[in-house]
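# Geometric and topological summary
Each chain, written out:
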Amino acid sequence: MQKTKKSPDFVIVVAILLLLTIGVMMVYSASASMAFHKYGDSFYFAKRQLLFAALGVFFMFLVTNVDRKKLYDMAKPAVIICFILLVIVLIPGVGIWRNGARSWLGIGAFSIQPSEFTKLAMIFFLAKLFSQPTFQIGRFRKGFLPAMGILGGAFGLIMCQPDLGTGTVLVGTGILLIFVAGAKMKHLGGFALLGVAGFTGLVLEATYRIKRITSFFDPWSDPQGTGYQLIQSLYAIGPGRLLGLGFGMSRQKHLYLPEPHTDFIFSILSEELGFLGITIVITLFGVLIWRGYRTAIRAQDLFSCLVATGITSMLMIQVVINIGVVSGTFPVTGITLPFLSYGGSSLTLTLVAVGILLNLSRNTNR
Amino acid sequence: MRAIQSIVKKRLFVVLIIAVLVMFTLIGRLSYVQLAQGEWWAQKAEELGSRDADFLAKRGMILDRDGKKIAYNISTPSVLLFPAMIKDKAGTAKKLAEVLGGDEKKILEFVSKKESKVWLKGVGQKIPEGKAKILQGMQLPGVLITEDSKRYYPYGTMAAHMLGFTGGDNQGLAGLELIYDKQLSGQKGYISFASNAKGERMPDSKEEFIAPKPGKDLRLTLDLDVQSIIERELDQAMAQYKPESVLAIAMDPNNGEILGMSSKPSFRPDEYQTTDSLIYNRNLPIWKTYEPGSTFKIITLAAALEEKKVNLTESFHDPGYVMVSGARLRCWKKGGHGHESFLEVVENSCNPGFVELGNRLGKNKLLDYINRFGFGKKTGIDLNGEAKGILFKPERMGPVEQATTAFGQGVSVTPIQQVRAVSAAVNGGKMVVPHVMREWVDPDSGKVLEAYQPKVESTVISEATSKMVRESLESVVAKGTGRKAFVDGYRVGGKTGTAQKVGPNGGYLPNNHIVSFIGFAPADDPKIVVYVAVDNPQGIQFGGVVAAPIVGNIIGDSLRHMGVPKRKNQIPPEDTPLTTPIVETPDLIGQELDKIRNSLFDFPLKTVGKGNVVIDQIPAPGERVKKGSSIQLYLGDKTEIGD
């Protein structure tokens, strides 16, 4: 296994740095007026974004040199710790309630979301599980079912917070991993039916989720209520047209669009930089995803292959859901756009994940 | 570690393909929104911006010709909530309740509303400056302290129909507020939420901050004093005659400037919803159409004079009726006016005389003049809801129709058309366009941005003819049917009108008339034309009795206010048992009271002060007053005047 190491995938590094640059700029543009009046400093959010990006990039390169053996060994304890944290966060008084969900642990700026860590830990754990010599994903009771079980457990805990966005990313990533690992299509098909039924149940159980769905199909049915965010987002994207209103010229970031620098940063980007700007950003994401799966295909062992698949899939799912939501392609759910949305610890964590991808890219065939 | 089976690579390839497809789908979707629908969304976003009060410009004021404010905005700090932006609804409601006082639960209801913006009604409206400052300092997300502006009409119902009114978002809905809504509303601006709340500009020049452009101030031709005189007279007429409605127009005949215009019943523009919509939707002076009656004879007279078909000294015999195609058209006076000159035909408003004038003109000339005097089409006044009226079509006009048209029956016209036509008849033949907009004023500098350019559409008669019309109409007031409009010294000319109303079945309604009078003054150089119509007055139903005195009062008081000097060379009013002669006051200053008492003055005297010598008197010596008016004498002991 230990051959001479190559340098990390240069294309991924360039794409990430470009995305981070665009991200810091857009966070600045989207949050400047709000930041100035809330904190007396238009650069309040931009500075923090830059800080966390720098920190993330530092960790990213640090992780690039870690021995993969260590990753393989810590997969199991990591997922156990995550499960414990997912339980602890649910305890009222311990978990911090933010934006309608109890999903934070810690104090003030030093708080983390266990669900974010769980996504990464789950990738390692499943990859390790599937690369056990005795494990047969093709078998139902001794392969498919246990994998789905552990994934379902984590998803269940996250839905208790509740955080549908992160839960969806977790499940999506896990299922892609199971699929790639070689699960039987009839098992996956059966599960898909079950999943549709379960998802319907979850949606029907919470009225706000029903409204998100209905508002997605007809935002104008309730433009002031649940359709609000979608319509406001489209008010930003539409007028951007080909070239955009120009950097800093967004109107929707003032007052109309909630959280312009987090979940809806892509809308502001569309408004200010137009179709040209978003094509560049989507292309960068596309390049990242292509290089990620390329790393997986060229990996020298199954564990590396599956970890690369998991990290790439996780990023892809987040990008697709976020852009899908703000452009009215999917129902509204709160997911940040990797590398662009403001968000301290999750940005750093995402960059660490990319660092692992880079690490794996050093040990590929050809 | 395990090696990678081939199925893994295959499936990875499938995932990669799917990922690429999804990416292209997203790009496709975005290109649809931005490129195909972009224009539409941009337009919608513009509208969205204009819906928010805090983005709206200050609405321009409406001023009278001297700059007095007749419509303006009162604004007070109020709380505007953006519920979608408020995450912590209970906490926000609690903080608001602490500062504003009031019920926390009620506030929570507003905070939780499913609307993009909500005014916090009640405690959140018209809040004191101190509380507004505290709230601004708290910077609660989704809570904006902004000016809640309301249109205010300080004079209540005055000129209500002309001004119109605005809706809930201060948008013009009727009258001038509607016609000039665009200029009055100004241009909305883009202000960021935070910067608006603090009223500061963005520190970064890249941030767009387009301040709203306030609406322009609209200065009218309306003279608030003339308008109040009109309102006063109409209110009095409503009380005295209990008619269905009254209306009045005062216009400067030389340029078409409306000096005053009103109708009753009226409404308060700021509470228009409390009034019957039939009242606020109908601006009677420009909307109402009816038979003008004898006031229309002015047109026939002007046409006949211009065409030299008549000499006013020419004589005419009125047997009390005239036969037209076998139909017997009666004069309003039983038995007729007998032998008279054509000037007396005008003074007496003699119908057979005007039928004769119509005959001399002929159908085509008569119709031609009626059209040229602007009947049958809108005058173009800058108010909404103007009617056109109805004329006989030439092919349907037989001898009877021609005859009745000549004295003002069978045609249907609006008050403003009559005012415009009579203005042309007395101003030298110029067809001016009635208007109420005088100029647009910059609200900040007070500079005039744009002034109305008076238009003369055409010239219908010569100045010489116009002069004859003025003089004959002055004698109508001095000697004829318009006596009650006489104002001493102002040379009032005018014409009465009494027209039967046409009922729903097309026939005339019994005992239901619109009585009117149109007057102008001074006859040598008209400065004002006043038209008054009273619809179905209870009791007396003659224009000369009901409408003429109202016009007289309006003209007299208005010209005094406008500073028009009195004339000496008026046609002296004819003495009749019905009129009060005008006399000059004697000079009593310096005379002894005893002597005055013994003289033959028939003025009632009132004395002020003690003494035996008059040191001053009101009215002053030589002033013209109605016979029987009292004179107030100020007494003292004058010794310096030696006797």
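Residues numbered from 1 in each chain as written. Chains lettered and ligands numbered in written order. Predicted model: local features only at pLDDT ≥ 70, side-chain atom pairs only at ≥ 80, totals over all residues. Heavy atoms only, no water.

The name an unreviewed UniProt entry assigns to chain B is Stage V sporulation protein D (Sporulation-specific penicillin-binding protein), from the organism Baia soyae. Quoted verbatim from the Subcellular location (unreviewed entry) field of UniProt, the annotation for chain B is "Membrane". According to the UniProt record, the Sequence similarities (unreviewed entry) comment for chain B reads "Belongs to the transpeptidase family." (UniProt positions renumbered as here; feature names shortened; annotations may be inferred.)

In the nomenclature of an unreviewed UniProt entry, chain A is known as Spore cortex peptidoglycan biosynthesis regulator SpoVE of Baia soyae. The heading Subcellular location (unreviewed entry) in the UniProt record of chain A holds the text "Cell membrane".

## What about a negative patch on the surface?
On the surface, B:Glu98, B:Asp103, B:Glu104 and B:Glu109 cluster together into a patch of negative charge. In this fold, B:Asp103 is placed in the loop between helix H3 (89–100) and helix H4 (104–111). (Patch = residues over 30% accessible without salt bridge, like charges linked within 9 Å, V, L, I, M, F, W, Y side chains within 5 Å. Areas by Shrake-Rupley, 256 points an atom, 1.4 Å probe, with all protein chains shown as cover. Salt bridge = Lys/Arg side-chain N within 4 Å of Asp/Glu carboxyl O. Lys, Arg positive; Asp, Glu negative; His and termini not counted. Charge placed at Lys NZ, Arg CZ, Asp CG, Glu CD. Helix = DSSP H or I, 4+ residues; strand = E, 2+ residues; numbered from the N terminus.)

## Let's talk about the packing of helix H3 (residues 68–88) of chain A against helix H5 (residues 140–159) of chain A
Residues and elements named next belong to chain A. Two elements in contact, H3 and H5, have axes separated by 9 Å at closest approach and are oriented at 25°. The pairing of H3 with H5 is recorded here as roughly parallel in orientation. In the crossing of H3 with H5, the sense of the turn from one axis to the other is left-handed. Across the interface between the two elements, Phe83, Leu86 and Val87 from H3 touch Ile150, Gly153, Ala154, Leu157 and Ile158 from H5. For the contact of H3 with H5, a count of residues per class yields 7 nonpolar, 1 polar and no charged. (Axes fitted to C-alpha atoms, helices over the stretch in contact; angles between N-to-C directions. Parallel < 35°, antiparallel > 145°, perpendicular 65-115°, else oblique. Left-handed = near helix turned anticlockwise from the far one by under 90°. Contact = heavy atoms within 4.5 Å. Nonpolar A, V, L, I, M, F, W, Y, C, P; charged D, E, K, R; others polar.)

## A closer look at the pattern of salt bridges
Residues and elements named next belong to chain B. Enumeration according to the criterion identifies 32 salt bridges over all chains in this entry. Between Arg360 and Glu356 there is a salt bridge, and its shortest N-O distance comes to 2.9 Å. One end of the pair, Arg360, and the other, Glu356, are both in helix H15 (residues 351–361), 4 residues apart, so they sit about a helical turn from each other. With relative accessibility at 26%, the residue Arg360 sits in the partly exposed group. One continuous salt-bridge network, built from bridges that share partners, spans Arg59, Arg151, Glu177 and Asp181. (Buried < 20%, exposed > 50% of the residue type's maximum accessible area, 1.4 Å probe, protein only.)

## Observations regarding the packing of helix H10 (residues 265–297) of chain A against helix H11 (residues 302–326) of chain A
Residues and elements named next belong to chain A. Relative orientation of the contacting elements H10 and H11 amounts to 160°, with a least axis distance of 10 Å. Overall, the two elements H10 and H11 adopt an arrangement that is roughly antiparallel. For H10 against H11, the interelement crossing comes out left-handed. Where H10 approaches H11, its residues Phe266, Ser267, Ile282, Phe285, Leu288, Ile289, Gly292, Tyr293, Thr295 and Ala296 are matched on the opposing element by Cys305, Ala308, Thr309, Thr312, Ser313, Leu315, Met316, Val319, Asn322, Ile323 and Val326. Looking at side-chain class alone, the contact of H10 with H11 contains 14 nonpolar, 7 polar and no charged residues.

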